[in-house]
Amino acid sequence: AHSANPFGRVAVWLESDRPESVTPVTATIEQRNRRFEPELVIVPKGSSVEFPNLDLVFHNIFSLSTAHAFDLGYYPKGQSRQVKFSRAGIVQVYCHVHSNMYAVVVVVPTRWAAQPTSDGAFEWPDVPPGNYRLMAWQRFGGLYRRNVVIEDRPVHVAMTIPEEEPDKP
């Protein structure tokens, strides 16, 4: 079941060496039909993610990621647990009960972050001039980075990211 948007599992964001103030948000990843919906959320650091269980079965959501390890324990339909992410990083999320369940929380130190549209495009109109790292993450490809210089005109950057899991030899 692939989403119509091949970039729906890709996160892109800009990082700079200047400290940035970001506004935390609360995002939601539902447990529904023994899947996570959505499978990918991008949040600024300091944000929280709710994990409501909408299934009739118990789930136990956890992450072993170095950016933020957690284990929410078993909980039934109608209950929710919340996790606050205070550090930037990639947090891959699983369920102890259902090994096929997978989601990722991309915690970014910047307000310039996006999931590309179905043609791979994204834009941030208000980036001040300077030196940045354009970061991209995709589950099977991992993390990509490219240095970019932002000036007072549009900057076009092309990146190629493998779309699916590589064939195993």
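Structural data are supplied above this passage.
Residues numbered from 1 in each chain as written. Predicted model: local features only at pLDDT ≥ 70, side-chain atom pairs only at ≥ 80, totals over all residues. Heavy atoms only, no water.

The next thing to look at is the environment of tyrosine 74. For tyrosine 74, the position within the fold is in strand β8 (residues 70-75). A sequence separation of 59 residues divides tyrosine 74 from arginine 133, and the C-alpha atoms of the two residues are 39 Å apart. Ignoring anything within four residues of it in the chain, the contact list for tyrosine 74 reads Phe58, His59, Asn60, Arg81, His96 and Val97. (Helix = DSSP H or I, 4+ residues; strand = E, 2+ residues; numbered from the N terminus. Contact = heavy atoms within 4.5 Å.)

For the rest of this paragraph, the subject is the pattern of salt bridges. Tallying each qualifying case throughout the model produces six salt bridges. Its salt-bridge partner being arginine 32, residue glutamate 30 comes within 2.6 Å of it at the nearest N-O pair. A residue is classified by how much of its surface remains accessible, and arginine 32, at 32% relative accessible area, is partly exposed. In this structure, the salt-bridge partner of glutamate 39 is arginine 35, at a minimum N-O distance of 3.0 Å. In this structure glutamate 39 comes out as partly exposed when scored by relative accessible area, which is 21%. A single network of salt bridges, built from pairs that share partners, joins Arg9, Arg35 and Glu39. (Salt bridge = Lys/Arg side-chain N within 4 Å of Asp/Glu carboxyl O. Buried < 20%, exposed > 50% of the residue type's maximum accessible area, 1.4 Å probe, protein only.)

This part takes up the layout of surface pockets. The calculated volume of the largest pocket comes to roughly 680 Å³. Lining the largest pocket are 24 residues, and of these Phe122, Glu123, Val155, His156 and Val157 lie nearest its centre. Contributions of two or more residues to the lining of the largest pocket are made by β1 (10-15) and β14 (142-150). Its residues placed into classes, the lining of the largest pocket shows 18 nonpolar, two polar and four charged. (1 Å grid on protein atoms, 1.4 Å probe; cavity = no way out; pocket = protein on both sides within 12 Å on 5 of 7 lines; lining within 4 Å. Points joined across faces, edges and corners; volume = space filled by probe spheres on them. Nonpolar A, V, L, I, M, F, W, Y, C, P; charged D, E, K, R; others polar.)

Quick look at the pairing of strand β10 (residues 89-95) now. Burial along β10 is one-sided: the face carrying Gly89, Val91, Val93 and Cys95 is buried and the face carrying Ile90, Gln92 and Tyr94 is not. Strand direction decides the pairing type here: strand β7 (residues 59-63) and β10, joined by two bridges, are antiparallel. Bridge assignment links isoleucine 61 to a residue of β10, and that residue is cysteine 95. Pairing analysis gives six bridges linking β10 to strand β11 (residues 102-108), with the strands arranged antiparallel. Bridged to valine 91 within β11 is valine 105. Hairpin connection of β10 to β11: six residues between the antiparallel strands. (Pairing = 2+ DSSP bridges.)

Before going further, it helps to spend a moment on the sheet that holds strand β9 (residues 80-85). Spatially, the three strands line up as an open sheet ordered β2-β6-β9, and their pairing is mixed. Edge positions in the sheet fall to β2 (26-28) and β9, since each has one partner strand and no second. If you compare each strand with its neighbour and ignore which way they point, the axes differ by 25 degrees on average. By the bridge criterion, six bridges tie strand β6 (residues 47-52) to β9 in an arrangement that is antiparallel. Paired with serine 48 across the two strands is lysine 84, which belongs to β9. (Axes fitted to C-alpha atoms, helices over the stretch in contact; angles between N-to-C directions.)

These values are about where atoms sit, not about what they do.
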